[in-house]
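Structure at a glance
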Amino acid sequence: MLDMNKIKKDFPILRVKINGKRLVYLDNAATSQKPKQVIQKLVEYYECFNANIHRSIHTLGEMATEEFEKARKEVAKFINAKEEEIIFVKNCTEGLNLAAYTLAREIKSGNIVTSIMEHHSNFVPWQQLCIRKRMEFRVADINEDFTLNYEDLYSKINKRTRVIALTHVSNILGSINDIGKVAKEGGDAYFVVDAAQSAPHLKINVKKLDVDFLAFSAHKMFGPTGVGVLYVRKDVAERLNPFLYGGEMIKEVYITKTKWNKLPYKYEAGTPNIADVVAFGEAIRYLRRVGMNKVRAHDKKISKLALRELKNIRGLKLYGPTKVKDRIAIFSFNIKGIHSHDVAHILDSEGIAVRSGHGCAMPLMRRLGVNSVARASFYIYNDEKDLEALIKGIEKVKRVFKVD
Amino acid sequence: MIEEIYAERILDHYRNPRNYGKLKKYDVKARDVNIPCGDEIEIFVKMKGNKIGKIKFTGHGCAISQAAASILSEIAKDLPKKEIEKMSYEDFIKKHLKINITYRRFGCATLALRVLKNALKKL
Ligand SMILES: Cc1ncc(COP(=O)(O)O)c(C=O)c1O
């Protein structure tokens, strides 16, 4: 069990009042709030050891480099990767694009397989790659219960499949996909996983999952904005060519040729976001102290309660699995006759922050037959009281719209 | 108070939009979306001289965007083209929607007027 009092105290923003009400922050799938430890680390970096890394001999340069590499070590350990397999980018989106651009130089024909539940950032890069290369773009469907349709997925994978691009957890449905299983069935294709929604909630072991690329964003897991991680399996990272050219990623440059730096620097051109990477290291330490098992247990507890409560609300349609084991605590819904935007606005008048709109998953919206959804997503500082506030808030939405 | 935004009149226009549908015969049409929430409005206009003769709209979206389109369709009829061109978004909200709109709903509230202005530019 999590010590909720202690956790809530770690997040200064939870004391902010919204429209005179207690903040009930349920937009964690968009970005999480930051614990004071992470905020303090940012301040500490700028006040005590700001310098460029990997190039300065002076003390500050050494301190900054050390802290930066310590963060890399934390991230590597967090997903059971080697340090040289961790590439820092600016967000999950950049990580996925980096994968797409480097792979684009490798592959020529065939097909790329993805799913209908992808966020645009793991859909459009592959769609565009297919258009450029005249490759076939194949999109696996979902089941009636909002889980991935594995049969459909496997039927789309064949000998000509060059890339499988799949999300670990859907940012709309909350569905968890069995990445390990797909890796086994996926054959020789490169396997690229979008872990933006899973890394904050689930224990990830890249060696067990056996994937080639895996990307996520720091800001959804207590870290600052402006930092993402792309894991690239060592043999793949060694074989592929770098994406961006410039400082840091170079070993030797001659007039006619250049030798790349070793991993992971080969993929990190230019001065990185040092401060935010350092603070992200602190975010990972925070998650490690809490324990990913406890994070998941809390998530399951909230999911169970939320599923029970939401089911009882007349006119509410939930888009996501109804079994706790198949999902994380992301709840997308619509209320009959009320647009998600209005739902979100009225909830906000009660201090409740939820997302509304297409959630950067327009193909999925079309598949669900809707234009938008309201989405409440929970994290470790959310408790039963927050869920209760949401349920009461939804009742208010219905009152304002005079529906029952 | 949130109830002031979702006033009876707004909810009524949202649920019973006036002039909803398409015109078979029209002089201009235009369509646009409000990116953050995906509201969508398409407006058809048939002119009568320099005035708006017939106007109809279709679309989907939040109560504010749809009610605004319905209200706009009512006030725009018989108005000279110039009046629409001149009409500021703030004035439209204040005089015609008559609700207090903050920055986050400005796009919803003004989508229809933006589409109508764009349609008239094509004339
Ligand atoms: C599943 C999924 N993939 C990718 C992203 C993109 O993350 P970012 O905007 O941080 O690059 C998100 C964030 O919304 C997401 O939920």
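Criteria and cut-off values
- Just so you know, the residues in each chain are numbered from 1, in the order the chain's sequence is written.
- Key to labels: chains lettered from A, ligands numbered from 1, both in the order written.
- Confidence filtering applies because this is a predicted model: local features only for residues at pLDDT of at least 70, side-chain atom pairs given and counted only at 80 or more, and all residues used for totals across whole chains, interfaces and linings.
- By convention in this description, side-chain values take in all heavy atoms of the structure and omit both hydrogens and water.
- Classification of ring pairs uses Phe, Tyr and Trp, with its six-membered ring standing for Trp, and accepts pairs whose centres are within 6.5 Å; under 30 degrees between planes counts as stacked, over 60 as edge-to-face, and the remaining range as tilted.
- Strands are runs of DSSP state E lasting at least 2 residues, helices are runs of H or I lasting at least 4, and numbering of each runs from the N terminus.
- Accessible area is worked out with a 1.4 Å probe on protein chains only. A residue is then buried under 20% of its type maximum, exposed over 50%, and partly exposed in between.
- A positively charged side chain is recorded as over a ring if its NZ (Lys) or CZ (Arg) lies within 6 Å of the ring centre. The angle to the ring normal must also be within 35 degrees.
- We call two residues in contact whenever any of their non-hydrogen atoms come within 4.5 Å of each other.
- The source of the domain bounds is an automatic or database domain assignment.
- Buried area is calculated as the accessible area (1.4 Å probe) missing from two parts once they are joined, with the contributions of both summed.
- Salt bridge criterion: a side-chain nitrogen from Lys or Arg within 4 Å of a carboxyl oxygen from Asp or Glu.
- Counting of polar contacts relies on pairs of N or O atoms within 3.5 Å, with two restrictions inside protein: one atom must be capable of donating a hydrogen and the other of accepting it, and residues adjacent in sequence are counted only when both atoms are side-chain atoms.

Observations concerning the packing of aromatic side chains
One pass over the structure, following the stated rule, counts 22 aromatic pairs over all chains. Between F146 of chain A and Y319 of chain A, the aromatic rings sit 6.3 Å apart at their centres with planes inclined by 90°, giving edge-to-face as the arrangement. Of the two residues, F146 of chain A is situated in the loop between β6 (136–140) and α6 (150–156) and Y319 of chain A in strand β13 (residues 316–319); the sequence distance between them amounts to 173 residues. The same class applies to F146 of chain A as to Y319 of chain A, namely buried. A connected cluster of aromatic rings, assembled from ring pairs, spans F11, F222, Y286, Y379 and Y381 of chain A. Directly above the ring of Y254 of chain A sits K257 of chain A, whose terminal nitrogen or CZ lies 5.3 Å from the centroid. The cationic tip of K117 of chain B hangs over the ring face of Y89 of chain B; the distance from NZ or CZ to the ring centre is 5.4 Å.

Overview of the environment of G53 of chain B
Residues and elements named next belong to chain B. Structurally, the position occupied by G53 is in strand β3 (residues 51–60). Accessibility expressed as a relative area gives 10% for G53, which makes it buried. For the pair G53 and D78, spaced 25 residues apart in sequence, the C-alpha to C-alpha distance is 5.8 Å. Contact partners of G53, with chain neighbours within four places excluded, come to K46, M47, K48 and K77.

Description of the domain arrangement of chain A
A common way to express how large an interface is: the accessible area buried when the components associate. Residue and element names in this part refer to chain A. As assigned here, chain A comprises domain 1 (4–28 + 291–400) and domain 2 (49–289). Distance from the C-alpha centre of domain 1 to the C-alpha centre of domain 2: 28 Å. Taken together, the contact pairs 35 residues of domain 1 with 34 residues of domain 2. Counting each side, the surface lost to burial between domain 1 and domain 2 is near 2,900 Å², with a carbon and sulfur contribution of 63%. Inspection of the region where domain 1 meets domain 2 yields one salt bridge. Note that D141 is salt-bridged to R367, the shortest N-O span being 2.7 Å. Counting across the domain 1 and domain 2 interface gives 16 residue pairs in polar contact (both at pLDDT 80 or more).

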